[in-house]
Protein chains: 2
Amino acid sequence: MHPAAFIDIKVKQGEYTPQQLDDFIAALMRDEIDDCQVGAWLMAVLLQGMTIKEAAALTTAMASSGKRLNLDNSMPGPIADKHSSGGVGDKLTLILGPLLAAAGIYQLKLSGRGLGHTGGTIDKLESIPGFKCDLSIDTLLDQVRRIGVAIGAQTKDLAPADGKLYAIRDVTATVESIPLIASSIMSKKIAAGAPTIVLDVKCGTGAFMKTESGAKELASLMVEIGKALGRNMRALVTNMNQPLGRAVGNALEVREAIEVLNGGGPPDVRELTLELAAEVLLTTGTVSDVGKAREQLSALLANGSALQKFGDLIEAQGGNRKIIENPNLLGGHSAIKSPGCTKGGWVKSIDPMTIAIACKNMGGGRSRKDDLIDSLAGVELNAQVGDRVEAGQSLLTVYCAEEAQGVQLAQQLENTAFILSDRPIERPILVLERF
Amino acid sequence: MHPAAFIDIKVKQGEYTPQQLDDFIAALMRDEIDDCQVGAWLMAVLLQGMTIKEAAALTTAMASSGKRLNLDNSMPGPIADKHSSGGVGDKLTLILGPLLAAAGIYQLKLSGRGLGHTGGTIDKLESIPGFKCDLSIDTLLDQVRRIGVAIGAQTKDLAPADGKLYAIRDVTATVESIPLIASSIMSKKIAAGAPTIVLDVKCGTGAFMKTESGAKELASLMVEIGKALGRNMRALVTNMNQPLGRAVGNALEVREAIEVLNGGGPPDVRELTLELAAEVLLTTGTVSDVGKAREQLSALLANGSALQKFGDLIEAQGGNRKIIENPNLLGGHSAIKSPGCTKGGWVKSIDPMTIAIACKNMGGGRSRKDDLIDSLAGVELNAQVGDRVEAGQSLLTVYCAEEAQGVQLAQQLENTAFILSDRPIERPILVLERF
């Protein structure tokens, strides 16, 4: 392994062999590559790109840098893993986990804590009193076998090379490389061992991928990588130009998840839940057509099975299952309604970043890895894009530990995050592309 | 200073302001930039390029990272600095220093030790018994004032930021960036303070710059940078497709330099000496036309003034000046002639890299910074490109500490480094372009 010669291959626009990428990642894990070389290599990859073959080989190399789970035949039913690239108000893992378990799908879900503008699934779950996510893989797998679903915090045992590369990408302006994003995500999915992987690639102002072309490229590449590595793959590119649903903030999103699991909730969250869950049922071969899949899933939401499964999940991980009947047990700050819009109209857009940053500033998110968060802080939208609103109607409600800050933010968000139109606005398309 | 944001400007093909580059180099010198960030930034510059403005600003920032000499008005006559980008058999600094001093030009010359395939001026001078190059800047400047010329080893006090960046470029496959090469060279020249700078940019198989287009781009950029920073600039792009002169190896090159300073020597070395020295006289405004310049310089070579000045230089830096009359005082290994070519013809090419690598393998060069070298090892060419040779004529002579190795190399080089032609071959053009 001669690191400079390895880097130079990409400078000269060459294609790496799988062996070369394996050797590089192995040398990285043995601390034989200088940080300056890792930085230079990441930049070369960002600017010169990678072929699908290279990205698949890098994914394999990173997945093989730590423990690899093999879930095939280890569960009494089909196994799937759903992953979202993250967006504002994206609480779908909280809903899909129990719903799919109720439909007979086995899921070991490893999630991250929030950093940056989007919340993390783990933070959301930890807003449930007693809920524990830092569990061993074996404990989580036992739970999956028992109740069909377990959601744990991402462990350093899986794909540790990705952690090493990510720490350097984060400080070298090399995060935005599609092959690096794809192999980072996929290396963890491959190491986690599910034979079926369904991806929700968010796209828009509130997502990591801002452009539709970028999101499509990422989705397509991840599907190709997964297929090359023998997985059943499916990816949807979905709209993230407004927050998903009405709730943004950890405990508020758990409440909204409970609403959807109880057969209600905002139409966009419910619809995307059905879209993604149906893909999982189809891709695992559990049902043969999308109509039947949606029918079965709707029934599980309507008859309380999905909600009870959420109760099982909470109970299994140490939380208070009573919150599914009484979400007020989550606690909450007092509601501060925004003063109301000056004139009526139709909601044209709601900027997800403005909402997300406000939540973070109220203590609901982290700037650094070890920041503590206020899980009760958040924003509830009283209208979504396409809704008709009247003059004087309050457009959002803020939940904040400090009342003065909350009052100020409520007014500010109403003025800056919402744009109204004089004419009717169509509801945005949720699913932009399928791979 | 936010390093990732700084790097991202180049990722996005933006242009840095001088202030941004100043801040970056200042932060680098305070050890506030992680190595991974330096590596990523260098790669971004390699792949995205830099404008002339940026390269000039980077040069200034690096020149200002340490001590800056201001030679203007500090000497009793015009001051100049000649720099070569390095090639096989390039002993011109040893000749130009004394010759120009004899012509009334004051020169403080800071040179490097050899690393890689080309020898360093310092190594060549240190083959003279007693010659010292590790002298303080003040000592060197005193000597320049007294005898017109001093040649010292590059000090870490000048442009230390360049040293820091170079150490990382060397291991990250980012050496070959023309703006980085140009600002690296020019930062040291600017810090060294000469108002007139004449550059010899070597081009060809034996040079760092292999292609004419690359060499021209580098030469032109360095001239632009120097002009932007208020220097009188001149650059020649010169041929390095065969070794310069007949001698390759430290002590052998000192002998050849003495020949030229004594009015003789191989025609190509003599001609390039006159070309470059004339440029210095013209650019400093010492003479008004090239004819007069060459006439004056030829006289200084013919009448012994240049050679005596070399004696003064040797004496001033602790060496034995008698070598100028008796070069055998340099010592030497016994001469091993190559067996002779199988048939006659005209020399079409002599590969400089093959010759250089053989010299290095005999101990004449370094693989690592602290390798000791055998200054007596080397190769003497008995013919140059364009010369007629007869069957059986020995094409080269090897000087090697180990006779068996020398015999083997002599035969091998005769077979591999030389290509003969059945038809007459023109002598190569020495100066390919002038800026």
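Data block above holds the structure.
What you see is a predicted model; the values in this text were computed from it and never measured.

Structural notes on the sheet that holds strand 4 (residues 196-203) of chain A
Residue and element names in this part refer to chain A. The four strands are arranged 1-4-5-13 in an open sheet whose pairing can be described as mixed. Two strands close off the open sheet at either side, each with one partner strand: strand 1 (80-84) and strand 13 (431-434). Geometrically, the sheet is characterised by an average inter-axis angle of 20° between neighbouring strands, direction not taken into account. As defined by bridge partners, strand 4 adjoins strand 5 (residues 232-239) across eight bridges and the pair is classed as parallel. In the strand pairing of strand 5, Val198 is matched with Arg234. Across the sheet, helix 10 (residues 212-228) is in contact with strand 4, strand 5 and strand 13; its angle to strand 5 comes to roughly 170°.

Here's the deal with the pairing of strand 5 of chain A
Residues and elements named next belong to chain A. Burial of strand 5 is extensive: six of the eight residues sit out of reach of the surface. In this fold, the crossover linking strand 4 to strand 5 by way of helix 10 has right-handed handedness. Two elements, strand 5 and strand 13, share three bridges in a ladder whose sense is antiparallel. For Thr238, the partnering residue across the bridge sits in strand 13 and is Val431.

Description of the interface of chain A and chain B
In this complex, chain A contributes 20 residues to the contact, which on the side of chain B involves 20 residues. For the pair chain A and chain B, the summed buried area comes to about 1,600 Å², and 75% of that belongs to carbon and sulfur atoms. When the area that chain A buries against chain B is broken down by residue, the three leading residues are Cys36(A), Leu47(A) and Val171(A), summing to 31%. If you look at where chain A meets chain B, you find zero salt bridges. Between the two partners, chain A and chain B, sit two residue pairs in polar contact (both at pLDDT 80 or more). Those elements giving two or more residues to the side of chain A that touches chain B turn out to be helix 1 (3-11), helix 3 (35-48) and helix 8 (160-171) of chain A. Ranked by residues supplied to the side of chain A that touches chain B, first place goes to helix 3 of chain A with 10 residues. Partitioned by chemical class, the residues of the side of chain A that touches chain B number 12 nonpolar, four polar and four charged.

A look at the relation of the copies chain A and chain B
Of the two same-sequence chains, chain A is brought onto chain B (RMSD 0.0 Å, axial shift 0.0 Å) by a rotation of 180°. Given the turn and translation reported, the copies of this chain are related as if by a two-fold rotation axis. Take the interface residues of chain A: 100% of them recur as interface residues in chain B, which is what a same-surface contact looks like.

Conventions and cut-offs
Per chain, residues are indexed from 1 in the order of the written sequence. Just so you know, chain letters begin at A and ligand numbers begin at 1, following the order they were written in. It should be noted that, the model being predicted, local features are given only for residues of pLDDT at least 70 and side-chain atom pairs only at 80 or more, the latter also being counted only at that level, while totals for whole chains, interfaces and linings use all residues. Only hydrogens and water are set aside; all other atoms, that is, all heavy atoms of the structure, feed into the side-chain values. For two strands to count as paired, DSSP must find a minimum of two bridges between them. Under the scheme used here, helices are H or I runs from DSSP no shorter than 4 residues and strands are E runs no shorter than 2 residues, and both carry numbers assigned from the N terminus. Fitting a line to C-alpha atoms yields each axis, with helices limited to the stretch in contact; the angle taken between N-to-C directions then spans 0 to 180 degrees. The contact definition used throughout considers only heavy atoms, calling two residues in contact when any of these lie within 4.5 Å. For the exposure calls, accessible area comes from a 1.4 Å probe over protein chains only, and a residue counts as buried if that area is under 20% of its type's maximum, exposed if over 50%, partly exposed in between. Here is how to tell: hold the view so the strands point away, follow the path from the first strand over the helix to the second, and if it runs clockwise the crossover is right-handed. When two components associate, each loses some accessible surface as probed by a 1.4 Å sphere; the sum of these losses over both components is called the buried area. The term salt bridge refers to a side-chain nitrogen of Lys or Arg lying within 4 Å of a carboxyl oxygen of Asp or Glu. N or O atoms within 3.5 Å of each other form a polar contact, as long as, within protein, one can give a hydrogen and the other can take it, and as long as residues adjacent in sequence are counted only when both atoms are side-chain atoms. The residue classification treats Ala, Val, Leu, Ile, Met, Phe, Trp, Tyr, Cys and Pro as nonpolar and Asp, Glu, Lys and Arg as charged. All others, Gly included, are polar. Only residues with pLDDT of at least 70 in both copies count here: their C-alpha atoms drive the least-squares fit that superposes the copies.

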